[in-house]
Amino acid sequence: MRFRHILSALCVAAALQPLAAAENVITVDAKKPGAPIQTTQWGIFFEDINYAADGGLYGELLKNRSFEFPDHFCGWDISGRVTLMNDGPFERNPHYVRLAPSGHRDKHTMIENHGFFGIGVTGGEEYRFSLWARVPDGGKSKLYIDLTDNATMTEDQKMGSGSVEVSGAEWKKYTAIVKADRTFAKAHLRLWGDSKVTTDVEHVSLFPVKTYKNRENGMRLDVAQALEDLHPGVFRFPGGCIVEGTDLETRYQWKNSVGPVENRPLNENRWHYTFTYRYFPDYFQSYGLGFFEYFQLAEDIGAEPLPVLNVGMACQFQNGDDAHAPCTREGLQQFIDDCIDLIDFANGDPATNQWAKLRADMGHPAPFNLKFLAIGNEQWEQPYFDRLAIIAPEVRKARPEIKLIGTSGPNAEDDHFKNGWPAMRKLKADLVDEHYYRDVKWYQNWMNRYDDREFYTKDGPRVFAGEWACHDRGKKWNHAGASIYEAAFMTGIERNADLVHMATYAPLFAHVEGWQWRPDLIWYDNLHTARTASYYVQQLYMLNRGTNVLPTTLSIDGGQASVNPVAKGQDGVFASSVIDTPKQEIIVKVINTTGEAQSLTIRLTGMKAKQLEAIKRDVEIISLNCADYDAENQPGRPEVVSPKTFAATIASDKKAATLQGRIPAKTFQVYRVKL
Ligand code: AHR
């Protein structure tokens, strides 16, 4: 008996689309679940670019809180008798500020912080102010804190206040809660001194009380929530090029990013001057968001942590192959130590290991269960191979349980790439990191990239697509239309899940007033976040990961069935399917990249008659329509692109369960069928 139902919701959505002539039949074979899908299959890549850390994910609202920027008052206005001092309580951040009495009752000695493009505060919310202070001559003083709107000179200027009483000549930490009486994106934080007593202040800080998981050195809630809502399986950090540094001195050094935040030394951010037309000379890394916080965040959002460490080379892009970096066994010892000590920081026993003890002292005695370590970011050719050949065996010998990830350079098809893979095979990398920021044409041509099993052999390293995004025309904004090609490309990753074990879109974050690179997955201003169409594409894959690949073919107009997109006459419809065994669910993903609605039949085969009879009739369809090619979600504005959920009914006979309908132009749909 054959039941036939129409996907009415789908048809309504497609009603106004001209219908292409081709009949696309997608056949899914549920009999033999194929390759397991790794829990790490879909993930995120974090790098401090576009004000992703300070001024972004990291909840700190004040810039240059320790007065360590090369311009020590960068981000601050000062007035009255303010002096910069350099013998403070934190040896790696020695500068602090002396606020001396103004000499007159009505005059004030004052410092005022601009935040990152202003300080975003929400009416009714509380903010935790803190600083380290002392009265150098002994005795007591009072410091006043105001949140201000400097655009007005009226009594409305203040939007929240507090104070702290400082006592004694010893440095101590003081805190105060300041409540904002209104919502404002561009507040300043003013700190002004006692008119009679000199006070020294250091590490002046302001966080929302409500951070992600309510941690004091925590993450901005809405930004971190956007990560949690994605449900990523792997979290790669801290870069990217910042791992390499502009030179070796400015590489990311994880050991500087752990321990008390007050004593984490400042590092330059290579992204402040890489693009001279997007130059942010006030862009530094406070390391307040450091490796402990990265591991903790990975744990909070349920993702495997994947740190990337320097291989003993500065950025080849910036320096060429002559990176003036050590390449002898002795010279590379500190890079070997960095790897092994990091594994111990994450996994070691606090009773026997100093780095594990530091982790425990920071509040996490249990291990972080680190499994992967990448060595080198976008390195290439012999200078890289030589260094990795020294570092990797040492790390493997010391900590054999960790999977090591090598890189194939910044391009996914050039000679460096082609030389990189055999070298990584020889060095026995467990995974190889590939990067491809490319346009629509490239994605169209490379949809079957991972079907090529001559290049990607059965044995040897698996693939980590560590940085990738479809960059489309014009200013490379987050065009919804480009994200459709990302969804289509991901079908090729999914059906090759035995080969590609991880894929992370990049970059992750951008501040609308301080970006160097776009498109990006999540945008924000000081008050709001925007989840892009690409975000929803990633989320749909992450929420519908499944446990095993199901063989899926596409036949067009009764032609030969074939995995797409190699089918001749492929008209821009892409599909892949998985089964979620514990949930007893078949999940089919279909993407129509064309500008026309396509007719579509999905046949689920390979099930026993009993199973087909028992199949739940209700199918959930989640649909992301990107037909408005340039549509983009922006912070603080209503969303214009987001997934919508429909219900449909599936039919079945003794051979198959069948859905028939149409998929609108430029649309990504996920079909969930309960068994
Ligand atoms: O994601 C931006 C940059 O792109 C990364 O830092 C680098 O790895 C790549 O070149």
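Cut-offs used in this document
Residues numbered from 1 in each chain as written. Predicted model: local features only at pLDDT ≥ 70, side-chain atom pairs only at ≥ 80, totals over all residues. Heavy atoms only, no water. Helix = DSSP H or I, 4+ residues; strand = E, 2+ residues; numbered from the N terminus. Rg over C-alpha atoms; globule rule 2.2 N^0.38 Å. Buried < 20%, exposed > 50% of the residue type's maximum accessible area, 1.4 Å probe, protein only. Contact = heavy atoms within 4.5 Å. Areas by Shrake-Rupley, 256 points an atom, 1.4 Å probe, with all protein chains shown as cover. Lys, Arg positive; Asp, Glu negative; His and termini not counted. Charge placed at Lys NZ, Arg CZ, Asp CG, Glu CD. Salt bridge = Lys/Arg side-chain N within 4 Å of Asp/Glu carboxyl O. Domains from an automatic or database assignment. Polar contact = N/O pair within 3.5 Å; in protein donor to acceptor, adjacent residues only side chain to side chain. Nonpolar A, V, L, I, M, F, W, Y, C, P; charged D, E, K, R; others polar. Near = heavy atom within 4 Å. Pairing = 2+ DSSP bridges. Axes fitted to C-alpha atoms, helices over the stretch in contact; angles between N-to-C directions. Right-handed = clockwise from strand over helix to strand, strands pointing away.

## Quick look at the overall build of the protein
So, point 1. What the protein contains, in helices and strands, is 13 helices and 35 strands.
So, point 2. Computed over the C-alpha atoms, the radius of gyration of the protein is 28 Å, within 12% of the 26 Å expected from 2.2 N^0.38 for a compact globule of 675 residues.
So, point 3. Across its three principal axes, the protein shows a C-alpha extent of roughly 95 × 60 × 45 Å.
So, point 4. Burial analysis of the protein (675 residues in total) assigns 61% to the buried set.
So, point 5. Once local pairs closer than 6 in sequence are excluded, the contacts in the protein between residues at least 24 apart make up 78%.
So, point 6. In the form shown here, the protein has an accessible surface area of approximately 25500 Å², with 51% of it arising from carbon and sulfur atoms.
So, point 7. Averaging the coordinates of the 75 positive side-chain charges in the protein and doing the same for the 86 negative ones gives two points 6 Å apart.

## Comments concerning the pattern of salt bridges
Close approach of charged atoms lets side chains of opposite charge pair.
So, point 1. With the rule as written, the count across this model stands at 33 salt bridges.
So, point 2. R531 serves as the salt-bridge partner of D229, at 2.9 Å between the closest nitrogen and oxygen. Here the residue D229 occupies a position in helix α2 (residues 221-230), and R531 occupies one in strand β25 (residues 529-531), the gap between them amounting to 302 residues.
So, point 3. By relative accessible area, D229 is classed as partly exposed at 23%.
So, point 4. For R531, a relative accessible area of 18% puts it in the buried group.
So, point 5. Residue R453 is joined to D498 by a salt bridge in which the shortest nitrogen-to-oxygen separation is 2.9 Å. In this pair, R453 is assigned in the loop between α10 (440-445) and β21 (462-470) and D498 in the loop between α11 (480-495) and β22 (500-505), connecting sequence segments 45 residues apart.
So, point 6. One salt-bridge network, in which partners are shared between bridges, spans E585, E620, R672 and K674.

## Description of the domain arrangement of the protein
Many authors give the size of an interface as the accessible area that is lost as the parts come together.
So, point 1. In terms of domains, the protein is made up of domain 1 (9-37 + 547-674), domain 2 (42-59 + 213-543) and domain 3 (76-210).
So, point 2. With 25 residues of domain 2 at the interface, the matching set in domain 3 holds 24 residues.
So, point 3. Counting every contact that joins domain 2 to domain 3 gives two salt bridges.
So, point 4. K186 is paired through a salt bridge with E513; the nearest N and O atoms lie 2.7 Å apart.
So, point 5. The tally of links from domain 2 across to domain 3 stands at eleven residue pairs in polar contact (both at pLDDT 80 or more).
So, point 6. By residue class, the composition of the side of domain 2 that touches domain 3 is nine nonpolar, ten polar and six charged.

## Some remarks on helix α4 (residues 291-301)
So, point 1. Of all eleven residues in α4, ten are buried, a share of seventy percent or more.
So, point 2. Buried residues in α4 make contact with β2 (42-45), α2, β14 (234-237), β17 (304-309), α6 (333-347) and α7 (354-361).
So, point 3. Following α4 by one or two positions, G302 has its phi on the positive side, about 75°.

## Observations concerning the side chain of S576
So, point 1. Here S576 lies in strand β28 (residues 573-580).
So, point 2. You can call S576 buried: its relative accessible area is 2%.
So, point 3. Among the polar contacts made by the side chain of S576, one reaches the side chain of E494 at a distance of 2.6 Å.

## Thoughts on the environment of K213
So, point 1. Among the secondary structure elements, K213 is positioned in the loop between β13 (199-208) and α2.
So, point 2. In the structure, K213 is positioned 22 residues away from L191 in sequence and 28 Å away in space, judged by C-alpha atoms.
So, point 3. Setting aside chain neighbours within four positions, we find K213 in contact with E228 and D300.

## Here we look at the site of the ligand
So, point 1. The ligand sits among E47, G240, C241, W271, N377, E378, H435, Y437, E467, P507 and W517.
So, point 2. Contact distances for the ligand include 2.5 Å between an oxygen atom and a side-chain N or O atom of E47.
So, point 3. Between E467 and the ligand, the recorded distance is 2.7 Å, taken from a side-chain N or O atom to an oxygen atom.
So, point 4. For the ligand, whose unbound accessible area comes to 290 Å², protein coverage reaches 96%.
So, point 5. Among the residues forming the shell around the ligand, the class breakdown is five nonpolar, three polar and three charged.

## Overview of the sheet that holds β2
So, point 1. Ordered in space as β2-β14-β17-β18-β19-β20-β21-β22, the eight strands form a closed barrel in which the pairing is parallel. Taking the axes of each pair of neighbouring strands and ignoring which way they run, one obtains an average angle of 25° across the sheet.
So, point 2. Strand direction decides the pairing type here: β2 and β14, joined by two bridges, are parallel. Within β14, the position partnered with F45 by the bridge is R236.
So, point 3. Sheet contacts for helix α9 (residues 415-426): β19 (403-407), β20 (431-438) and β21; angle to β20, the most-contacted strand, approximately 165°.

## Some thoughts on the pairing of strand β18 (residues 372-375)
So, point 1. Burial along β18 is two-sided: F372 and A374 and L373 and I375, pointing in opposite directions, are all buried.
So, point 2. Sheet topology note: the β17/β18 ladder contains two bridges and is parallel. The residue bridging V308 from the neighbouring strand is A374, located in β18.
So, point 3. Bridge count between β18 and β19: three bridges; the pairing is parallel. Residue pairing in the sheet places F372 in a bridge with K403 of β19.
So, point 4. The parallel pair β18 and β19 is bridged by helix α8 (residues 381-398), and the resulting crossover is right-handed.

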